[in-house]
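# A closer look at the structure
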Amino acid sequence: MRGLVEADEKDAGKRNDLIRIWKISRANIHARLRLLQRTLRKRKVPSFLTDDEHFRFVVEMIRAGRVRALSANLLDKAGLVGVGEACRKLGVPVRVLYMSNAETYWPYSDQFRANIRGLHTDDKGVVLRTTGSWSINKDYRYYVQSLPTFQRWLEHKFLRKVHQMIRRRKLEGPDDVEIAVITTDPDAAAARRAGKSKRKSKGKAKP
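Since the structure is predicted, the reported quantities are computational estimates derived from the model, not experimental observations. Counting restarts for each chain: residues are numbered from 1 in the order of the written sequence. Residues qualify for local features only when their pLDDT is at least 70, as the model is predicted, and side-chain atom pairs are given and counted only at 80 or more; totals for whole chains, interfaces and linings, by contrast, use all residues. The basis for the side-chain values is all heavy atoms of the structure; hydrogens and waters are excluded.

### Focus on the overall build of the protein
The numbering of helices and of strands both runs from the N terminus, where a helix is a DSSP run of H or I of at least 4 residues and a strand a run of E of at least 2. A tally of helices and strands in the protein yields seven helices and four strands. Of the regular secondary structure in the protein, the N- to C-terminal order runs α-α-α-β-α-β-α-β-α-β-α. Computation of the radius of gyration draws on C-alpha atoms, with the globule rule given as 2.2 Å multiplied by the number of residues to the power 0.38. The C-alpha radius of gyration of the protein comes to 22 Å, more than 25% above the 17 Å expected for a compact globule of 207 residues. Considered along the principal axes of its C-alpha atoms, the protein spans approximately 85 × 45 × 35 Å. Relative to its 207 residues, the protein shows a buried fraction of 26%. Contact between two residues is taken to exist if any of their heavy atoms lie within 4.5 Å; hydrogens are not considered. Taking contacts inside the protein between residues at least 6 apart in sequence as the whole, the part at least 24 apart equals 66%. Accessible areas in this description were obtained via Shrake-Rupley with a 1.4 Å probe; residue shielding takes into account the shown protein chains only. Accessible area for the protein stands at about 15,300 Å²; split by element, carbon and sulfur atoms hold 56% of it. Residues counted as positive are Lys and Arg, residues counted as negative are Asp and Glu, and His and the chain ends are not counted. By convention, charge coordinates are those of NZ in Lys, CZ in Arg, CG in Asp, or CD in Glu. Computed over 45 positive and 23 negative side-chain charges, the separation of the two mean positions in the protein equals 8 Å. Summary of the burial criterion: residues with accessible area below 20% of their type's maximum are buried, those above 50% are exposed, and those between are partly exposed, where the area comes from a 1.4 Å probe applied to protein chains only.

As structure tokens, this is what we get:
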């Protein structure tokens with residue numbers, strides 16, 4: 001009986017925490033979704049926020065148990081390694097990898113490289129990421145990149161941070177939001193880097 005009471009109290013605590021977080025965040029989330037809704041309608045891009053068919057598809061995916069929440073650390077071994085192995089066994093390629101702006105907080109570690117390179121994907125796989133620009137436009141920069149290309153980037157040890165792959169343009173003001181595709185080839189970048197290093201070495205060797 002004592003164990004059941006403690007479990008009930010623990011669950012009640014979690015519910016109270018969730019309600020508190022919801023009350024704090026709901027206004028910002030609602031405003032963000034409304035802005036996204038207006039943007040998608042203006043650009044005529046269907047989504048679950050603007051199209052009933054898309055909304056029903058998402059709902060049915062959840063009801064059928066085809067949406068699974070998995071808590072995993074991008075820098076740890078357990079989560080993404082397991083996802084990569086499962087997808088490979090099922091023959092299901094990872095088509096979308098979204099990491100928000102997590103990459104801006106740390107340099108690429110060996111384990112992170114192994115996690116991403118271990119994902120089973122194909123030529124349709126993409127990485128969706130953001131980097132901060134809050135002080136300029138109260139928003140983010142949005143980037144799309146081929147997932148296989150990102151996996152190739154991670155083979156090169158000189159790549160330590162996400163910004164090395166991105167050519168960021170200067171934002172013009174609060175209404176300027178950058179949305180770009182990262183097309184820089186990692187092998188070409190490595191060759192340019194090697195060429196610069198070689199020229200520097202020759203310059204130092206001159207009498």
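### Details of helix H2 (residues 52-63)
Between its first and last C-alpha, H2 extends 16 Å over 12 residues, near the 16 Å set by a 1.5 Å rise per residue. Burial of H2 is sparse: only zero of the 12 residues sit out of reach of the surface. A side-chain oxygen of the first residue of H2 lies 3.0 Å from the backbone nitrogen of Glu 53; this N-cap is Asp 51. Just past H2, the residue Gly 65 takes up positive phi, approximately 75 degrees. A helix's residues, less one, multiplied by 1.5 Å, set its expected span. Polar contacts here mean pairs of N or O atoms no more than 3.5 Å apart (in protein, one a potential hydrogen donor and the other a potential acceptor; neighbouring residues in sequence count only if both atoms are side-chain atoms).

### With respect to the pattern of salt bridges
Every case where a carboxyl oxygen of Asp or Glu lies within 4 Å of a side-chain nitrogen of Lys or Arg is listed as a salt bridge. Under the criterion given, the structure shown has 10 salt bridges. Here Lys 157 and Asp 110 are joined by a salt bridge, their closest N and O atoms 2.6 Å apart. Here Lys 157 is found in the loop between helix H6 (147-153) and strand E4 (179-182), whereas its partner Asp 110 is found in helix H4 (residues 110-117), with 47 residues between them in sequence. Judged by relative accessible area, which is 55%, Lys 157 ranks as exposed. Given a relative accessible area of 55%, Asp 110 falls into the exposed group.

### Quick notes on helix H3 (residues 78-90)
Here H3 spans 18 Å end to end across 13 residues, near enough to the 18 Å set by a 1.5 Å rise per residue. Among the residues making up H3, those that are buried are Gly 79, Leu 80, Gly 84 and Cys 87. Buried residues of H3, viewed axially, fall in a sector of 125 degrees; they line one side. Relative to its buried face, H3 has exposed residues pointing more than 90 degrees away, namely Ala 78 and Lys 89. Throughout, the arc means the angular range of directions from the helix axis out to the C-beta atoms.

### Focus on the packing of aromatic side chains
Whether two aromatic rings pair depends on their centres lying within 6.5 Å, for rings of Phe, Tyr and Trp, where Trp uses its six-membered ring; planes under 30 degrees apart make the pair stacked, over 60 edge-to-face, and the rest tilted. Here the structure, examined in full by the defined rule, presents six aromatic pairs. With a centroid separation of 5.1 Å and an interplanar angle of 5 degrees, the aromatic rings of Tyr 108 and Phe 112 are classed as stacked. Within the aromatic cluster, the residues linked to one another by ring pairs are Trp 106, Tyr 108, Phe 112 and Phe 150. Only lysine NZ and arginine CZ atoms are considered, and such an atom sits over a ring when it is within 6 Å of the ring centre and within 35 degrees of the ring normal. In this structure, Arg 26 packs its charged tip against the face of Trp 22, placed 4.6 Å from the ring centre. Residue placement shows Arg 129 over the ring face of Phe 150; its charged tip is 4.8 Å from the ring centre.

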